[in-house]
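Analysis of the macromolecular model
Given next are the chains, with one letter for each unit.
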Amino acid sequence: MAAPPQHLIVVGGGMVAQRLVEAMRDRDTAGAWRVTVLAEEPRAPYDRVALTSYFSGRDPEDLSMGSPALWDDPLVTLVRGTPVVELDRAARTVRTADGRTWAYDQLVLATGSSAARPPIEGSDLPGVFVYRTIDDVAALRGWVEEQAARWNRPVRGAVLGGGLLGLEAAGALQALGTAATVLQRGTHLMSAQVDLGGGEALRRLINALGVAVRVNTSTVRMRANRRGHIGRLDFADGGRLGVDVVVVATGVTPRDELARSAGLAIGARGGVVVDDTCRTDDPHVWAAGEVACLGGECIGLVAPGYAMAEVVVDRLLGGAAVFPGADTATKLKLSGVDVASFGDAFATTPGALELVHSDPVAGVYTKLVLSDDARTLLGGVLVGDASAYSELRPMVGRALTGDPSAYLLPAGTTGRVESSGGDLPDDATVCSCNNVTAGTVRAAVTEHECLDVAGVKACTRAGTSCGSCVPLVKKLVVAELTKAGVSVSNALCEHFAVSRAQLFDIVRVTGLRTFSEIIATRGAVVGGRGCDICKPVVASILASLDDGHVLEGERATLQDTNDHVMANLQKDGSYSVVPRIPGGEVTPDGLLAIGQVAKDFALYTKITGGQRIDMFGARLEQLPEIWRRLVDAGFESGQAYGKSLRTVKSCVGSTWCRFGVQDAVGLAVELELRYRGLRSPHKIKLGVSGCARECAEARGKDVGIVATDRGWNLYVGGNGGFTPRHAVLLAEDLDTATLIRTIDRYLMYYIRTADRLQRTAPWMEEVEGGIDGVRAVVLDDTLGIAADLDAAMARHVDVYEDEWAATLADPEKLRRFASFVNAPTTPDPSLAYVPERGQVRPATAAERADTSVLVAGTTLAVRS
Ligand SMILES: Cc1cc2nc3c(=O)[nH]c(=O)nc-3n(C[C@H](O)[C@H](O)[C@H](O)COP(=O)(O)OP(=O)(O)OC[C@H]3O[C@@H](n4cnc5c(N)ncnc54)[C@H](O)[C@@H]3O)c2cc1C
Ligand code: SF4
């Protein structure tokens, strides 16, 4: 009989704990270990590195990592909100705050760090925050909102500490509308990563964002205002600063208290001392992540923590792994401020040479550190233009090809060295957060058939943490596919050598309006006739551009199956019919009309997730008659078959709901009527919720709108389905007119630039600048195309017509709705049904054989 699994307890439910459990479940195929994670925080491990994005999303769920299924594994137990308060090494047990005692065979301390609170008088006043957990940032946001409502002036914020974290926090304060000041005790910002020259350039960039910076400033006291809240900071030089909120970001302290009281060795500056296998001086206790003191230091970055987690798992499974050393390269995640530092950034290697390019006018300071023969890259600092970071970082310790100064030229300049990725050695680390090498990325393409960046990310984890390596991953994927002879030009298909976005522009600018003209003049092959890829794409582009009928002339031949008959083909060969029900609002008479149609044609009815009614089991030749009845009753096509707007789902909103703050249904109806029939690269769904309770699940939609007291918050890029995504915040508190204009532009920008069959979420991963780039285009018109996008949407709204109403009025179009072209009134005999729960469903093969159970289904007589 197999031995029962040993018990591994992990103390702390942070990022490193998550990686450790994932690695154990991946590698422990024999089930030798069961793992219990005892976590102090009330939630599953989340992406602390992306903590600041909480401000653009607000939803803690957005920060979740990995597959939630990990925590359902029978060999994994996650105990939340349960801090460990005592470690008894002799008994091999831990005690949790709720009084329970847990026995272990092996224990991993993954308790991370806490934000340091400097011993400054007043640092415990209300209004002084740290920046480490979701609860911290949620409390900070709440406080700032409260202050904003209280004062008749901008909220005054200060951040103590001008390091990576302090600058991120200052960006967040500023985004919350505060007048933020960064206070740095040392000579320059990010002094642990960049030199004085870089720090100066960085200060100018931070100032340009509207954030003030005071260097050489030591805070000695925090003073309360009359309410007892933080009101003023006093500095060592006698200066003062009035403040309403303070974020302390002056460093972290390892959470080594359990280890200390259990008598384990502690580093001189804190942290649990471990050897290069991550084991403490107790053979049953390990430490990994920020709490581990390895080689005399604790490392405040996630990548070394992940590497430690892998080492511990390897050792527990009998391996011989040792910690490979830490890559301390960093890139600031502050929108609009490009800063990176990697390798020997301070040129401490004997004989190291520094190659500096400084352009204060352009706001750029870049430096490469090279070996004494100026060939091998040792490190670098990039401020103002860190576009070379993802390519240069993996090259540390390797010879650069060509003139090193060419790497420092501004992006896009002639002569700038840009690697294609193909020249990177296999063992070069591309993603340091997840320790993924160029070779692993290549293998994902060649051996695991990942043919795009999304596939490689899912397969290797490269680019899934801080994301700074994604441009390089993309280059590697393209280089590998090109090498394998796979066409990775953006070409749509063999008939068009351009991408969908380029073809869209060609059609828009040239005014070509038929597929024959387009392929004849712009096709890649002479005499090409098109294929199943390019024909529907061209059909969709033409529909997006001039809203001509999908079955008009030659266009009818371009459509894919569902568009071809304006209904959704089902597994038994019948079709389903979905009338539009804007915003999910339907009158009793409308319901009766739909019910009568369904009854008369014996259609199975089902309420869809998009708040409308789907009728199944219609035969091809019945579609016109069904639609005639629906159109007469005031319905129109719901385009459930099209790559176009599907539905605008809404909650009941302020009209009926006690909590609602805006009329969600009214807006949903307005939006659905505005965007109905809008053809796009993929289906589009919208949602509107009448308050932050979000009953319409709007953030699971391509465009999600959530009402606020002051207007509407607009979220974009969400979807359900195979890879669910939460939409991210594009803009807050918009009035209705601005909201609609912004959605117009967002949708049109997507329609013009997305790839074939690309939904908004993956499009936003690839579109230039991501969410910030989209925001710049649709809100600030940085590309100067806003008027054009507005005009395109206005045109769509003007020329919209219901496809089914137009079809019913055109005998030529109606001719295609016959089961057998030679016998238009003969029903398709292959359709067979059985009764179920008061309706009908397609018969199974066995039921078809037993004709006694079959019912007539849709052959019932039709009432006139
Ligand atoms: C805003 C921000 C931005 C960051 N950006 C980056 C970045 O860009 N790149 C980068 O590499 N790193 C970044 N970091 C650092 C990175 O988040 C940490 O290195 C990483 O989270 C460390 O993981 P960990 O599991 O060791 O510790 P943590 O993630 O801190 O997790 C430790 C967990 O243990 C829990 N715990 C502590 N004591 C106990 C106990 N006695 N019982 C039970 N549970 C306990 C804690 O509550 C915590 O949940 C950033 C951090 C912050 C806050
Ligand atoms: S989202 Fe708000 S307004 Fe809408 S139904 Fe839910 S609670 Fe009511």
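Further up the page is the structure itself.
The structure contained in this document is the topic of the report that follows. (Residues numbered from 1 in each chain as written. Chains lettered and ligands numbered in written order. Predicted model: local features only at pLDDT ≥ 70, side-chain atom pairs only at ≥ 80, totals over all residues. Heavy atoms only, no water.)

**Some points on the overall build of the protein chain**
For the record, the criterion: Put simply, DSSP marks the helices as runs of H or I at least four residues long and the strands as runs of E at least two long, and each gets a number from the N terminus on. Computation of the radius of gyration draws on C-alpha atoms alone. For the globule rule, the value is 2.2 Å times the number of residues to the power 0.38. Think of it in three bands: with a 1.4 Å probe and only protein chains considered, a residue is buried below 20% of the maximum accessible area for its type, exposed above 50%, and partly exposed in between. Whether two residues are in contact is decided by their heavy atoms: any pair within 4.5 Å suffices. Surface accessibility follows the Shrake-Rupley procedure with a 1.4 Å probe radius. Residue values consider only the protein chains on display as shielding. Only four residue types enter the tally: Lys and Arg on the positive side, Asp and Glu on the negative side, with His and both chain ends excluded. The location of each charge is read from NZ of Lys, CZ of Arg, CG of Asp or CD of Glu.
When you go through the protein chain residue by residue, the secondary structure sums to 25 helices and 38 strands. By the compact-globule yardstick of 29 Å for 864 residues, the protein chain fits well, its C-alpha radius of gyration being 31 Å. With respect to the principal axes defined by its C-alpha atoms, the protein chain has extents near 90 × 70 × 65 Å. Sorting the 864 residues of the protein chain into buried and exposed places 52% on the buried side. A separation of at least 24 residues holds for 62% of the contacts in the protein chain among residues at least 6 apart in sequence. A total accessible area of about 37100 Å² is found for the protein chain, and carbon and sulfur atoms account for 52% of it. Computed over 89 positive and 104 negative side-chain charges, the separation of the two mean positions in the protein chain equals 3 Å.

**Focus on the site of ligand 2**
The cut-off we apply is this: Proximity criterion: a residue is near a molecule or strand once any of its heavy atoms comes within 4 Å of it. As a working rule, the residues Ala, Val, Leu, Ile, Met, Phe, Trp, Tyr, Cys and Pro are called nonpolar, Asp, Glu, Lys and Arg charged, and the rest polar, with Gly in that last group.
Taken together, C651, G653, C657, F659, G660, G690, C691, R693, E694 and C695 make up all the residues around ligand 2. Counted by class, the shell around ligand 2 contains five nonpolar, three polar and two charged residues.

**Quick notes on the side chain of D702**
Looking at where D702 falls in the secondary structure, it is placed in the loop between β33 (684–689) and β34 (703–708). Setting aside chain neighbours within four positions, we find D702 in contact with K683, I684, K685, Y715, V716, G717, G718, Y746, R759 and T760.

**Looking at the pairing of strand β16 (residues 245–248)**
Side-chain positions along a regular strand alternate between the two faces of the sheet. Convention followed: If DSSP finds at least two bridges between two strands, the strands pair.
A two-sided burial pattern is seen for β16, the buried positions comprising V245 and V247 on one face and V246 and V248 on the other. Here strand β9 (residues 128–129) runs beside β16; their pairing, made up of two bridges, is parallel. Following the sheet pairing, V128 is matched in β16 by V246. Here four bridges tie strand β10 (residues 156–160) to β16, and the two strands are oriented parallel to one another. Paired with V159 across the strands is V247, a residue of β16.

**Let's talk about helix α12 (residues 500–510)**
Turning to α12, its buried residues number three or more, namely R500, A501, L503, F504, I506 and V507. Immediately downstream of α12, the backbone of G511 shows phi near 75°, a positive value.

**Points about the pattern of salt bridges**
What counts, and what does not: What makes a salt bridge here is a side-chain nitrogen of Lys or Arg within 4 Å of a carboxyl oxygen of Asp or Glu, nothing more.
For the structure on display, the rule yields 49 salt bridges. For R89, the salt bridge identified is with D282, shortest N-O distance 3.1 Å. Of this pair, R89 sits in the loop between β4 (84–88) and β5 (93–96) while D282 sits in the loop between β18 (272–274) and β19 (285–287), and the two are 193 residues apart along the sequence. Look at R89 and you get partly exposed, because its relative accessible area is 27%. Taking relative accessible area as the criterion, D282 reaches 7% and is therefore assigned buried. In this structure, D234 and R223 form a salt bridge, with 3.1 Å as the shortest nitrogen-oxygen distance. Placement of D234 in strand β14 (residues 230–235) and of R223 in strand β13 (residues 219–224) is noted, with a sequence separation of eleven residues between them. Under the relative-accessibility criterion, D234 is labelled buried at 6%. Taking the relative accessible area as the measure of exposure, R223 reaches 34% and is therefore partly exposed. By sharing partners, the salt bridges in this structure join E121, R221, R223, R232 and D234 into a single network.

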